[in-house]
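Here are the chains, one letter per residue:
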Amino acid sequence: MSAKGAAEVISLGCRLNISESETIRALLAEERNVVVVNSCAVTSEAVRQTRQAIRRARRANPDARLLVTGCAADIEREALAAMPEVDGLVPNAAKLDARAWNVAQPATLAPVNRTRAFVAVQNGCDHACTFCVIPQGRGPSRSLPVATVLREVERHLDQGATEVVITGVDVTSWGHDLPGSPSLGALTAAILNAFPQLTRLRLSSLDGVEIDPQLFELLGGEPRLMPHLHLSLQHGHDLILKRMKRRHLRADALDLVARLKDLRPEMAIGADIIAGFPTEDEAMHGASRSIIGELGIVHAHIFPYSPRPNTPAARMPQVNPALVKARAADLREHAAAIRTSWLQSLVGKPLNILAERDGTGYSPQFARVRLPQGIAPGTIVTITPAKLEEGLLS
């Protein structure tokens with residue numbers, strides 16, 4: 001609650017938003033009685049949750065100045081501006097500029113006080129997936145120079161972060177707009193070389209076809225780069241992938257994961273998958289279901305398709321909404337069974353766990369573990385879980 005106190009920032013959506021919310025919170029460190037909703041518009045459900053968060057924030061902070069930024073603030077500008085709870089909108093492209101908030105830049109940014117720091121190295125997207133509105137909200141791909149990224153990583157390490165997560169809208173496109181077109185692998189190597197004290201570096205969602213040879217080599221063999229690959233997969237059937245205008249096919253994902261697991265068998269695979277995309281039939285749905293098992297996806301993010309305004313997919317023949325919901329539930333159930341089996345396989349094995357503030361922690365593969373009392377947040381401890389209970393290793 002922000003009334004009379006420090007500014008509150010409510011973050012919805014992707015890891016990039018989480019990272020940007022930390023910067024916004026620092027920019028508003030000296031402000032009082034301000035609430036910011038950093039919104040998401042990736043699906044209709046995300047927009048609904050944004051509106052819900054705005055209403056909830058207003059009820060909790062009736063006298064605060066309530067501002068909205070993020071993708072929905074651009075894509076759904078008129079609708080959000082019409083909400084009586086909203087006092088103002090800050091364009092997504094301007095939200096990291098202190099001038100947009102009508103405040104002076106603090107002399108020093110406030111510590112983020114997190115064990116895991118999110119560093120946004122890239123923003124925007126140059127691709128045109130038929131279901132996606134993110135380029136409308138984020139604009140074209142823009143990369144931070146290596147020196148800027150290194151300064152940001154150093155700042156988080158100085159503030160006590162134990163793990164750094166590299167994030168962005170389309171992270172694997174990092175560098176394409178910089179002189180010499182450096183690769184994400186080169187940036188990853190620069191971070192690891194510059195900070196030998198950094199013991200855990202993690203990458204957010206990647207486009208598998210853009211993983212460059214240097215990054216593949218690091219993923220396959222660098223112990224400080226976590227064995228956790230989250231793919232922007234979206235579907236398991238080639239025709240749907242083509243209708244989405246994705247740049248990979250099913251075989252590309254299977255080949256990438258097989259080669260990585262040959263080098264690093266402990267690699268944990270995550271993926272984003274859309275259920276009920278327009279024109280999807282039962283066989284196509286079955287292809288998405290089967291690829292979860294074939295890739296061994298243990299961190300599945302399943303999204304029921306919802307049409308977004310001004311996208312080509314919204315003009316395609318739609319799947320019945322009830323069937324979309326049922327297919328999403330089917331994929332989630334199948335993915336949950338595979339995840340449970342994977343977690344069970346970790347019982348009795350020593351795991352290096354980064355302790356969080358809620359009494360749990362995460363292994364390098366991002367398996368969540370319940371910890372004994374008294375372990376300080378940010379500490380890495382070796383735990384041999386004895387059981388799996390309620391989705392947690394203990």
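As shown above, the structure is provided for reference.
None of the values given here were measured: they were computed from a predicted structure.

**A word on the layout of surface pockets**
Now for step 1: What the second largest pocket holds in volume is close to 520 Å³.
Now for step 2: Lining the second largest pocket are 24 residues, and of these Glu 20, Thr 23, Leu 96, Ala 120 and Leu 144 lie nearest its centre.
Now for step 3: Elements represented by at least two residues in the lining of the second largest pocket include exactly α1 (15–27), β5 (116–123), β6 (142–143) and α6 (146–158).
Now for step 4: Residues that form the lining of the second largest pocket fall into these classes: 10 nonpolar, eight polar and six charged.

**Details of unusual backbone geometry**
One can expect most non-glycine residues to show negative phi and most peptide bonds to be in trans.
Now for step 1: One non-glycine residue with positive phi stands out, namely Asn 310, at about 60 degrees.
Now for step 2: For Glu 390, which is not a glycine, the phi torsion comes out positive at approximately 55 degrees.
Now for step 3: If you trace the backbone, Glu 390 turns up in the loop between β16 (388–389) and β17 (392–393).
Now for step 4: The class for Glu 390 is exposed, based on a relative accessible area of 73%.

**Things to note about the packing of aromatic side chains**
Given two aromatic rings, one states the distance between the centres and the angle between the planes to describe the pair.
Now for step 1: Using the criterion set out here, one finds three aromatic pairs in the structure.
Now for step 2: Consider the rings of Phe 277 and Tyr 305, whose centres lie 5.4 Å apart with planes at 70 degrees: the pair is edge-to-face. In this pair, Phe 277 is assigned in the loop between β10 (268–275) and α11 (282–295) and Tyr 305 in the loop between β11 (297–304) and α12 (321–345), connecting sequence segments 28 residues apart.
Now for step 3: Given the relative accessible area of 0%, Phe 277 is considered buried.
Now for step 4: Three or more aromatic residues link up through ring pairs in this structure, and these residues are Phe 131, Phe 277 and Tyr 305.

**Thoughts on the nonpolar core**
Now for step 1: By size, the foremost hydrophobic cluster in this structure holds 62 residues, and its most contacted members are Ile 166, Ile 191, Leu 219, Leu 229 and Leu 233.
Now for step 2: Of all the elements, α12 adds the most residues to this core, at six residues.
Now for step 3: The residues contacting Leu 229, other than those within four sequence positions of it, are Leu 206, Ile 211, Leu 219, Leu 256, Leu 260, Met 267, Ala 268, Ile 269 and Gly 270.
Now for step 4: Among the nonpolar cores identified, the runner-up in size contains 20 residues, and Val 37, Ile 54, Leu 66 and Leu 80 belong to it.

**Considerations on the pairing of strand β12 (residues 351–355)**
Now for step 1: Burial runs high along β12: four of the five residues are buried.
Now for step 2: Here β12 runs beside strand β15 (residues 380–383); their pairing, made up of four bridges, is antiparallel. Bridged to Leu 351 within β15 is Ile 383.
Now for step 3: Pairing between β12 and strand β13 (residues 360–362): two bridges, direction antiparallel. Opposite Ala 355, over in β13, you have Gly 361 as the bridge partner.
Now for step 4: Hairpin remark: β12 followed by β13, antiparallel, with four residues in the connecting loop; positive phi at Gly 359, about 85 degrees.

**Some points on helix α2 (residues 44–60)**
Now for step 1: Here α2 contains 17 residues, and its C-alpha end-to-end distance of 24 Å stays within 8% of the 24 Å for a straight helix at 1.5 Å per residue.
Now for step 2: Along α2, the residues classified as buried are Ala 46, Val 47, Thr 50, Ala 53, Ile 54, Ala 57 and Arg 58. What you see down the axis of α2 is that its buried residues fit within an arc of 130 degrees, all on one side.
Now for step 3: Structurally, α2 contributes buried residues whose contacts are with β1 (8–11), β2 (34–39), β3 (65–70), α3 (71–75) and α4 (77–81).

**Considering the packing of helix α7 (residues 184–194) against helix α8 (residues 213–221)**
Now for step 1: For the pair α7 and α8, interaxial distance at closest approach is 6 Å and the crossing angle is 50 degrees. The orientation of α7 relative to α8 falls into the category oblique. Classified by chirality, the crossing of α8 by α7 is left-handed. Residue-level inspection shows Leu 184, Gly 185, Ala 186, Thr 188, Ala 189 and Leu 192 of α7 in contact with α8, the latter providing Gln 214, Leu 215 and Leu 218.
Now for step 2: When its residues are assigned to classes, the contact of α7 with α8 shows six nonpolar, three polar and no charged.

**As for the pattern of salt bridges**
Now for step 1: As enumerated under the stated definition, the model contains 23 salt bridges in all.
Now for step 2: Here Arg 116 makes a salt bridge to Glu 163, at a shortest N to O gap of 2.8 Å. Remark: Glu 163 occurs in strand β7 (residues 163–168) and Arg 116 occurs in strand β5; sequence separation between them is 47 residues.
Now for step 3: Among the residues examined, Arg 116 registers a relative accessible area of 10% and is labelled buried.
Now for step 4: One salt bridge connects Arg 247 with Asp 207, and the closest N-O pair in it is separated by 2.4 Å. Here the residue Arg 247 occupies a position in the loop between α9 (238–244) and α10 (250–263), and Asp 207 occupies one in the loop between β8 (200–203) and α8, the gap between them amounting to 40 residues.
Now for step 5: Residue classification places Arg 247 among the partly exposed positions, given a relative accessible area of 37%.

**Regarding the sheet that holds β11**
Now for step 1: Read across the sheet, three strands follow the order β9-β10-β11 without closing on themselves; strand pairing throughout is parallel. Pairing within the sheet leaves two strands with one partner each, and these edge strands are β9 (228–234) and β11. When the angles between neighbouring strand axes are averaged without regard to direction, this sheet yields 15 degrees.
Now for step 2: Packed on one face of the sheet, α10 meets β9 and β10 and runs near 175 degrees to β9.

**So, the state of the cysteines**
Now for step 1: Throughout the structure, instances matching the rule amount to zero disulfides.
Now for step 2: Not engaged in a disulfide, the cysteine Cys 132 finds its nearest cysteine sulfur in Cys 129; these two sulfurs lie 6.2 Å apart.
Now for step 3: Given a relative accessible area of 22%, Cys 132 falls into the partly exposed group.

Cut-offs used in this document
- Residues numbered from 1 in each chain as written.
- Predicted model: local features only at pLDDT ≥ 70, side-chain atom pairs only at ≥ 80, totals over all residues.
- Heavy atoms only, no water.
- 1 Å grid on protein atoms, 1.4 Å probe; cavity = no way out; pocket = protein on both sides within 12 Å on 5 of 7 lines; lining within 4 Å.
- Points joined across faces, edges and corners; volume = space filled by probe spheres on them.
- Helix = DSSP H or I, 4+ residues; strand = E, 2+ residues; numbered from the N terminus.
- Nonpolar A, V, L, I, M, F, W, Y, C, P; charged D, E, K, R; others polar.
- Buried < 20%, exposed > 50% of the residue type's maximum accessible area, 1.4 Å probe, protein only.
- Phe/Tyr/Trp six-rings, centres within 6.5 Å; stacked < 30°, edge-to-face > 60°.
- Core = buried A, V, L, I, M, F, W, Y, C linked by side-chain atoms within 4.5 Å.
- Contact = heavy atoms within 4.5 Å.
- Pairing = 2+ DSSP bridges.
- Expected span 1.5 Å × (residues − 1).
- Arc of directions from axis to C-beta.
- Axes fitted to C-alpha atoms, helices over the stretch in contact; angles between N-to-C directions.
- Parallel < 35°, antiparallel > 145°, perpendicular 65-115°, else oblique.
- Left-handed = near helix turned anticlockwise from the far one by under 90°.
- Salt bridge = Lys/Arg side-chain N within 4 Å of Asp/Glu carboxyl O.
- Disulfide = S-S within 2.5 Å.

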